Amino acid sequence: MDYPFSAGHDRARVPVPAGACDAHWHVYDQRCPSVPGARLQPPDASLAQYRQVQARMGTQRAVLVTPSTYGSNNRLLLETLAQLGPDGRGVAVIDAHTDDAELARLHASGVRGVRLNLSLGVTHQPSDIRPIAERIVPLGWHLQLLMPVETLQAQASALQALLHALPIDLVFDHFARLRPEHLNQHPAHALVLDLLATGRVWLKLSGGYLVSALGSSEDPALHALARSFIDAAPERMLWGSDWPHASASAGLHPMPDDARQIDALAQWAGDAHTLQQVLVHNPERLYGFAPVN
């Protein structure tokens with residue numbers, strides 16, 4: 001069987017625990033206009049197609065993220081969350097024009113965080129981090145950040161001050177954009193470890209293929225980098241497939257094999273307890289899923 005936007009044909013070799021969560025994926029639909037300057041404009045990718053890949057991976061819960069392609073237009077996010085039901089949560093994108101009524105609608109639909117994409121985004125600048133964080137504090141949401149390591153390093157003091165001043169959690173997606181060669185070599189790696197030590201910062205072991213020199217989440221060089229984060233804060237690690245892999249559709253790297261992404265995560269985790277923590281218990285706490293019995 002061929003799977004949409006996913007290489008390979010086999011299911012994951014490692015069985016995932018009940019209630020396993022894919023904490024980062026997207027939908028695309030050309031009926032929703034791209035924002036001017038959007039650098040990724042992949043083919044349509046629907047919930048029905050994702051369901052096929054989800055069954056292949058063995059995950060049950062899903063956290064949908066509004067991609068940079070649509071700026072702060074969360075229309076597709078809301079439509080898909082309505083279909084996902086209690087096993088779905090969302091991470092939206094907002095801007096200065098998003099009013100309180102819209103924030104309340106997003107929350108009622110299952111949104112539990114806001115993403116700032118400073119790598120591919122056309123919506124935000126680093127100066128937006130604090131104002132947006134202040135907007136979402138009353139909702140109990142987290143702030144999800146994607147930024148180049150140079151931007152992360154430049155924002156170190158501001159992020160530390162934000163964590164000190166506001167009762168908000170930060171989530172770094174895609175390995176915080178750190179690459180295997182940054183392990184114990186780049187100041188941004190030490191910064192992320194310091195932030196994880198605050199107890200208010202999470203990290204998504206997602207998009208390994210984006211930071212791998214081989215363009216693959218199966219790259220053996222990722223293991224030590226992943227373990228550095230897992231060892232620092234196993235109770236705040238998350239995982240996401242990043243389906244439908246818009247950067248692969250753009251020809252930036254090979255199309256990932258999502259079953260093998262699950263198997264790579266299991267290797268990084270090292271044991272069943274840690275795998276369950278990353279896939280089940282940690283998403284329950286951050287996104288408010290009902291505990292698995």
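### Quick word on the overall build of the protein
When its secondary structure is counted, the protein shows 12 helices and eight strands. Along the longest, intermediate and shortest principal axes, the C-alpha atoms of the protein span 45 × 45 × 40 Å. Expressed as a percentage of the 293 residues in the protein, the buried residues total 57%. Pairs at least 24 apart in sequence give 78% of the contacts found in the protein among residues at least 6 apart.

### Digging into the nonpolar core
Leu143, Leu205 and Phe229 are the most contacted members of the largest nonpolar core, which has 82 residues in total. In terms of residue count, the dominant contributor to this core is helix α11 (residues 258-269) (seven residues). Formed by 11 residues, the second largest nonpolar core is a distinct cluster that contains Ala23, Val63, Val65 and Val171.

### Some remarks on the environment of Val111
Mapped onto the secondary structure, Val111 falls in strand β4 (residues 111-117). Residues in contact with Val111, not counting those within four places in the same chain, are Leu77, Leu81, Gly90, Ala92, Leu106 and Trp141.

### Points about the pattern of salt bridges
Under the counting rule described, the total for this entry stands at 15 salt bridges. For the salt bridge of Asp87 with Arg61, the shortest nitrogen-to-oxygen distance reads 3.9 Å. Residue Asp87 is located in the loop between α2 (75-84) and β3 (88-92), and its partner Arg61 is located in strand β2 (residues 61-65); the two are separated by 26 residues in the primary sequence. Its relative accessible area of 35% is what places Asp87 among the partly exposed residues. Note on Arg61: relative accessible area 8%, which makes it buried. Its salt-bridge partner being Arg135, residue Asp100 comes within 3.1 Å of it at the nearest N-O pair. Of this pair, Asp100 sits in helix α3 (residues 100-109) while Arg135 sits in helix α4 (residues 129-136); the two residues are 35 residues apart in sequence, bridging distant segments of the chain. The exposure class assigned to Asp100 is exposed, which follows from its relative accessible area of 58%. You can call Arg135 partly exposed: its relative accessible area is 26%. What emerges from the salt-bridge pattern is a single network uniting Arg13, Arg260 and Asp263.

### Remarks on the packing of aromatic side chains
A ring pair, where both rings are aromatic, is described by two values, the distance of the centres and the angle of the planes. All chains considered together, the criterion is met by eight aromatic pairs. When the ring of Tyr28 is compared with that of Tyr70, the centres are 6.0 Å apart and the planes differ by 45°; the resulting orientation is tilted. In this pair, Tyr28 is assigned in the loop between β1 (21-25) and α1 (47-57) and Tyr70 in the loop between β2 and α2, connecting sequence segments 42 residues apart. A relative accessible area of 6% means that Tyr28 is categorised as buried. A network of ring pairs unites the aromatic residues Phe5, Trp25, Tyr50 and Trp243 as a single cluster.

### Side note on unusual backbone geometry
Cis rather than trans, the peptide bond between Trp243 and Pro244 has omega equal to 5°. Phi angles above zero are rare outside glycine, and Arg177 is one such case at about 65°. Mapped onto the elements, Arg177 comes out in the loop between β6 (170-172) and α7 (187-196).

Analysis parameters
Residues numbered from 1 in each chain as written. Predicted model: local features only at pLDDT ≥ 70, side-chain atom pairs only at ≥ 80, totals over all residues. Heavy atoms only, no water. Helix = DSSP H or I, 4+ residues; strand = E, 2+ residues; numbered from the N terminus. Buried < 20%, exposed > 50% of the residue type's maximum accessible area, 1.4 Å probe, protein only. Contact = heavy atoms within 4.5 Å. Core = buried A, V, L, I, M, F, W, Y, C linked by side-chain atoms within 4.5 Å. Salt bridge = Lys/Arg side-chain N within 4 Å of Asp/Glu carboxyl O. Phe/Tyr/Trp six-rings, centres within 6.5 Å; stacked < 30°, edge-to-face > 60°.

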